[in-house]
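What follows is the residue order along each chain.
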Amino acid sequence: MKTLVVFYSRTGITRKVAETIARALSGDVEEIVAKENRSDFSGYGLSREEAVLKKPAAIKATKKDPVGYDLTIVGTPVWVQTVSSPMRAYISRKRERFTRVAFFCTQDRSGAESAFEEMQELCKATPVATVEILHKDVEDGSYVEKTKSFLARIGNL
Ligand SMILES: Cc1cc2nc3c(=O)[nH]c(=O)nc-3n(C[C@H](O)[C@H](O)[C@H](O)COP(=O)(O)O)c2cc1C
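To keep things clear, this report deals only with the structure shown in the data block.

Conventions adopted
Residues numbered from 1 in each chain as written. Predicted model: local features only at pLDDT ≥ 70, side-chain atom pairs only at ≥ 80, totals over all residues. Heavy atoms only, no water. Buried < 20%, exposed > 50% of the residue type's maximum accessible area, 1.4 Å probe, protein only. Helix = DSSP H or I, 4+ residues; strand = E, 2+ residues; numbered from the N terminus. Pairing = 2+ DSSP bridges. Right-handed = clockwise from strand over helix to strand, strands pointing away. Disulfide = S-S within 2.5 Å. Patch = residues over 30% accessible without salt bridge, like charges linked within 9 Å, V, L, I, M, F, W, Y side chains within 5 Å. Areas by Shrake-Rupley, 256 points an atom, 1.4 Å probe, with all protein chains shown as cover. Salt bridge = Lys/Arg side-chain N within 4 Å of Asp/Glu carboxyl O. Lys, Arg positive; Asp, Glu negative; His and termini not counted. Charge placed at Lys NZ, Arg CZ, Asp CG, Glu CD. Near = heavy atom within 4 Å. Polar contact = N/O pair within 3.5 Å; in protein donor to acceptor, adjacent residues only side chain to side chain. 1 Å grid on protein atoms, 1.4 Å probe; cavity = no way out; pocket = protein on both sides within 12 Å on 5 of 7 lines; lining within 4 Å. Sits in = over half its atoms within 2 Å of the grid points. Nonpolar A, V, L, I, M, F, W, Y, C, P; charged D, E, K, R; others polar.

Here strand 5 (residues 101–107) lies mainly inside the structure; seven of its seven residues are buried. Side-chain alternation along strand 5 places Val101, Phe103, Cys105 and Gln107 on one buried face and Ala102, Phe104 and Thr106 on a second face that is also buried. Note that strand 5 and strand 6 (residues 130–134) share five bridges and pair parallel. Directly across from Phe104, in strand 6, lies its bridge partner Val131. Read from strand 5 through helix 4 (residues 112–123) to strand 6, the crossover connection turns out right-handed.

Glancing now at the state of the cysteines. What the rule picks out here adds up to zero disulfides. In this model Cys105 remains outside any disulfide bridge; the closest cysteine sulfur is found in Cys123, 13 Å from its own. A residue is classified by how much of its surface remains accessible, and Cys123, at 4% relative accessible area, is buried.

Another point: a nonpolar patch on the surface. Taken together, the side chains of Val52, Leu53 and Val80 make up a nonpolar region of the molecular surface, amounting to roughly 260 Å² of accessible area. Tracing the backbone through its elements, the reader meets Leu53 in helix 2 (residues 41–53).

On the surface, Glu113, Glu117, Glu121 and Glu132 cluster together into a negatively charged patch. Here Glu121 lies in helix 4.

It is worth spelling out the site of the ligand at this point. Neighbouring the ligand are 20 residues; Ser9, Thr11, Thr14, Val78 and Arg109 lie closest to it. Val78 is positioned with one of its backbone polar atoms (N or O) 2.6 Å from an oxygen atom of the ligand. Taking Asp108, its side chain carries an N or O atom lying 2.6 Å from an oxygen atom of the ligand. When atom positions are compared with the pocket grids, the ligand is found to occupy the largest pocket. Among the residues forming the shell around the ligand, the class breakdown is six nonpolar, ten polar and four charged.

This is how it looks when you write it as structure tokens:
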């Protein structure tokens, strides 16, 4: 099965999960890059505001076409209980081109469920699998165990 892992990551946590998933499935990876800087305090404020307003971020052009893949796995940090604005922009742009989708997200505490609902609505497709990972589980390495059942569900497709 040909798999594309598409992710956005502001501080590297979601990137780590994306890389682990892509490695396990021998998939291709596409990182979504926001046009505006998000690393400092004002970048945090902009990110928060876009999430509250459910406004897509300005993102750079992507390279890979999801049409060529059996499955696109979409990964995002949770922002204000929903999908991050750069990933909102990507999904809105590409939703016609997904064959099947699966979702993962990282979060400090809560919001994954509503983020997944929003992503499902944006994609207009039901994910074949989802997994939510805590930020602290990525830092201490325990996220690897949590990705296993997600990978198993995808492996059984
Ligand atoms: C603007 C903003 C809003 C956030 N809102 C939430 C939230 O609602 N719930 C939560 O558990 N974490 C929230 N977080 C924390 C991130 O989801 C979490 O730290 C994530 O793992 C960071 O991933 P990244 O390093 O890939 O950007 C928020 C972070 C930012 C920047």
